[in-house]
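Structural overview
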Amino acid sequence: MKNRAPLQPNALYPLPLTAIKPTGWLRRQLQIQADGLSGHLDEFWPDLSANSGWLGGTGESWERGPYFLDGLVPLAYLLGDPALIGKATKWVGWTLSHQRPDGSIGPERNKDWWPNMVMLKALTQYQEFSGDPRVIPLMQRYFRYQAAHLAERPLQEWAKFRWADEVVSILWLYNRTGDASLLELARSLQHQGYNWKAESAHLPFTRKTTKEELGLKPGVSNTEIALSAHGVNNAMALKTSAVWSLVSGDASDRQAARQQLGEIEKYHLLPSGIFSCDEHLAGPDPVQGTELCSVVEAQFSLEQMIAILGDASLADRLEKIAFNALPATFSADMWAHQYDQQPNQVLCTLKDRDWTTNGPESNIFGLEPNFGCCTANMHQGWPKLAASLWMATPDDGLAAVAYSPSDLSTVAGKSTRVHIVEETGYPFQSEIRFSVDPTTPVEFPLLLRIPGWAQEATVTVNGHRLEGVEAAQFYSIRRRWQRGDQVVLTLPMRVRLSRGYRDSVIVERGPLVFSLRIGEDWSKIEKGMSRPAKTPAVDWEVRPTTPWNYGLIIERTDPVHAFEVVEKPIGNSPFSPAGAPVELRAKGRLIPEWKLENNSAGTLPKSPATSSERVETLTLIPYGSAKLRISAFPELVN
Ligand SMILES: [Zn+2]
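Residues numbered from 1 in each chain as written. Predicted model: local features only at pLDDT ≥ 70, side-chain atom pairs only at ≥ 80, totals over all residues. Heavy atoms only, no water.

Right, let's talk about the overall build of the protein for a bit. Helices and strands together make up the secondary structure of the protein, namely 18 helices and 26 strands. Dimensions along the principal axes, computed over C-alpha positions, put the protein at roughly 75 × 65 × 45 Å. When burial is assessed residue by residue, the protein has 62% of its 638 residues classed as buried. Within the protein, contacts between residues at least 6 apart in sequence are counted, and of these 72% link residues at least 24 apart. Seen as two clouds, the 64 positive and the 71 negative side-chain charges of the protein have centres 2 Å apart. (Helix = DSSP H or I, 4+ residues; strand = E, 2+ residues; numbered from the N terminus. Buried < 20%, exposed > 50% of the residue type's maximum accessible area, 1.4 Å probe, protein only. Contact = heavy atoms within 4.5 Å. Lys, Arg positive; Asp, Glu negative; His and termini not counted. Charge placed at Lys NZ, Arg CZ, Asp CG, Glu CD.)

Taken as a whole, the largest pocket holds about 800 Å³ of empty space. Along its surface, the largest pocket is lined by 35 residues, and P14, E128, V168, W172 and Q304 are the ones closest to its centre. Only β1 (13-14), α3 (64-79), α5 (113-130), α8 (163-177), α13 (240-248), α15 (292-309), α18 (381-387) and β5 (390-392) provide two or more residues apiece to the lining of the largest pocket. Top element by residues in the lining of the largest pocket is α8. It accounts for six residues. Partitioned by chemical class, the residues of the lining of the largest pocket number 21 nonpolar, eight polar and six charged. The volume enclosed by the second largest pocket comes to roughly 520 Å³. For the lining of the second largest pocket, the elements supplying multiple residues, two or more each, are α14 (251-268), α16 (312-328), β15 (495-499) and β16 (505-509). It is α16 that contributes the most residues to the lining of the second largest pocket, five residues altogether. (1 Å grid on protein atoms, 1.4 Å probe; cavity = no way out; pocket = protein on both sides within 12 Å on 5 of 7 lines; lining within 4 Å. Points joined across faces, edges and corners; volume = space filled by probe spheres on them. Nonpolar A, V, L, I, M, F, W, Y, C, P; charged D, E, K, R; others polar.)

Let us look at the nonpolar core. W382, W390, F434, L448 and V487 are the most contacted members of the largest nonpolar core, which totals 204 residues. Once residues lying within four places of it in the same chain are set aside, the contact partners of V487 are I432, R433, F434, V436, L446, L448, V459, T460, V461, I477 and W481. (Core = buried A, V, L, I, M, F, W, Y, C linked by side-chain atoms within 4.5 Å.)

Note on metal geometry: ideal angles are 109.5 degrees for four donors arranged tetrahedrally and 90 or 180 degrees for six donors arranged octahedrally. Note on the zinc ion: its protein donors are E291 (OE), C293 (SG), C373 (SG) and C374 (SG). The metal-donor distances range over 2.0 to 2.3 Å. Around the zinc ion, the four donor atoms sit at angles spanning 96 to 122°, and that spread fits a shape best called tetrahedral. For the zinc ion, the single-chain donor residues occur in sequence as E-x1-C-x79-C-C. On the criterion of sequence distance, the pair formed by C293 in helix α15 and C373 in helix α17 (residues 373-377) is long-range, its members being 80 residues apart. (Donors = N, O, S within 2.8 Å, 3.2 Å for Na, K, Ca; no water. Tetrahedral: all angles 85-135°; square planar, octahedral: opposite > 155°, others 65-115°.)

The full count for this structure, using the stated rule, is three cavities of 30 Å³ or more. Of the voids in this model, the largest cavity is the one considered here, and its volume is about 90 Å³. L238, L261, I264, E265, L269, G273, I274, F275, A298, L302, R317 and I321 are the residues that line the largest cavity. Only α14, α15 and α16 provide two or more residues apiece to the lining of the largest cavity. Top contributing element to the lining of the largest cavity by residue count: α14, with three residues. Along its surface, the second largest cavity is lined by Q29, P327, F330, S331, A332, M334, W382, F575 and K627. Looking at the lining of the second largest cavity, its residues break down into six nonpolar, two polar and one charged.

Attention now moves to the sheet that holds strand β13 (residues 473-481). Strand order in this open sheet of five strands is β1-β5-β6-β10-β13, and the pairing throughout is mixed. Because the sheet does not close on itself, it has two edges, and the strands there are β1 and β13. As paired strands, β1 and β5 are joined by two bridges and run antiparallel to one another. Among the inter-strand pairings, P14 is bridged to a residue of β5, identified as M391. (Pairing = 2+ DSSP bridges.)

Moving on, we get to the packing of helix α6 (residues 135-149) against helix α9 (residues 181-192). The N-to-C vectors of α6 and α9 enclose an angle of 45°; their axes lie 10 Å apart at closest approach. Looking at the two axes, α6 sits oblique to α9. The two elements α6 and α9 meet at a crossing, and its hand is left-handed. Judged by residue contacts, F143, Q146 and A147 of α6 engage L182, L185 and L189 from α9. (Axes fitted to C-alpha atoms, helices over the stretch in contact; angles between N-to-C directions. Parallel < 35°, antiparallel > 145°, perpendicular 65-115°, else oblique. Left-handed = near helix turned anticlockwise from the far one by under 90°.)

Considering all chains together, one arrives at 27 aromatic pairs under this definition. Seen in terms of ring centroids, W382 and F575 are 5.8 Å apart; in terms of plane orientation they differ by 35°. Their pairing is tilted. Of this pair, W382 sits in helix α18 while F575 is found in the loop between β21 (564-567) and β22 (582-590), placing the two residues 193 residues apart along the sequence. In this structure W382 comes out as buried when scored by relative accessible area, which is 1%. In this structure F575 comes out as buried when scored by relative accessible area, which is 3%. On the numbers, 5.8 Å between centres and 80° between planes, the contact of W390 with F434 is edge-to-face. Of this pair, W390 sits in strand β5 while F434 sits in strand β9 (residues 431-438), and the two are 44 residues apart along the sequence. (Phe/Tyr/Trp six-rings, centres within 6.5 Å; stacked < 30°, edge-to-face > 60°.)

This is the structure in structure tokens:
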């Protein structure tokens, strides 16, 4: 659905949520998720029990119910799983049938606008999947209620920093109703909300933030400084200026969105593609952590930004986070997750680390390590990626934004039904095949994103190679498509090396980051966790069974061939050490003086480093497959 005037146009438009079905490894991954915590959490976690305020009970009445639904709704419908759809419908149904006469929604005792913002995101998705006619009238009544009360009860705390999340839902409704009062409400939210644009040119936090800077003392509530350095707020805020540009029509807002992303990457980017925040911005050291909520919220922000701005590089970033940082922070069966993941993560135990503000539970794998926000919010990561693989172009074409096996059924070229089957082992393999089947021959542009790293990409249509395919762009194929047309996109995945913290080496191949495979010993934590008793979920510590303190030897005259690539079939659990579908073999030596410091890998030896230990063959696996890993390596002088 295109933007209604006076909104500015998008570069690309999200497709109706029913258009894309994940297949292949991606569908299996969603099934793993459904068989794990996402499909069962409400059966035993008190905050999502029948006593939730979002089901009319007296229990948790803030963000956890809506967070859960924001991921459960797309997961259930993308899998077409009747039991999960039943659960999602039950939760959404209570809100839909309990709107108060004044238009307010949700638990009566909640007076915070923030959790309602999340519920609106869940409701818009539910409406697209189900067509439930109650959603739009409920939203109209709610927004009228909010507009009438916003002056006396302005945005505060989380809501003040996350206002753009509500504007996304307001614009969704405006495009369906054209009610101009909605744009007035959006302006009120922007006026009351935190001004992220003002700091986009120069991020005020340029290194690991300290507790003193944040003003966090026992008994003192969060200040605005703490909220503006907060990782999840920053992840959500990445989209703010892009979303606002649709209302403002001001080109400087679009520029601010790109600047804001650039600033946070300049000072806080980690090898996994996400920035550090444990749980405030924490600088570039690869032993700093990233909170899981920030991972999934950065993905959602990038999905919004890709649609509005249309930059291919934003989709490179989305894939990097989704294929690396997201799977890395879950156990392979998705029954346990971390609060904070580390790129150089050599020990996950119930002990303090040098986090900016988080506690000792933060990097263990479990049900609700450190704090339960991620337990509630983590479910949106995979389903929203699946829903964003394809978008529509403003000239009635289709754009492949990110790549994974999928099945697309939609309309192109005004009104012709088109079915596209995308078969691929991407991100592990380099070939992507599209079968294009319009019901009748029809002309439309098919845009294929060529990643920035894919310098030698090729595109063929029915076996004929096309000209002008270049990296870091959307490549457009405009032709009259016929039933049975075959498009093959090949994205050769050479091993790439880049420099990281203290001149370390980061190894990438295609969209995947590669990490040292370390033997993992998983042991259950029997006590000491702040969690409810008696659940089917288990908390785990993970200890290394093999050395981790290696440097890499890189033949600088021929760095790419320093790595042997071993490809395997993609099995049922690609994001596990044993199931890794790609391995790299490299040469390295132990660095004996590189040891644990405060339960993390100690100070990263500055490269070039030296070692007189024997040369060994090392195995590197995808970052997302390795639950213990080194991802920023010292480079050894050979
Ligand atoms: Zn969280």
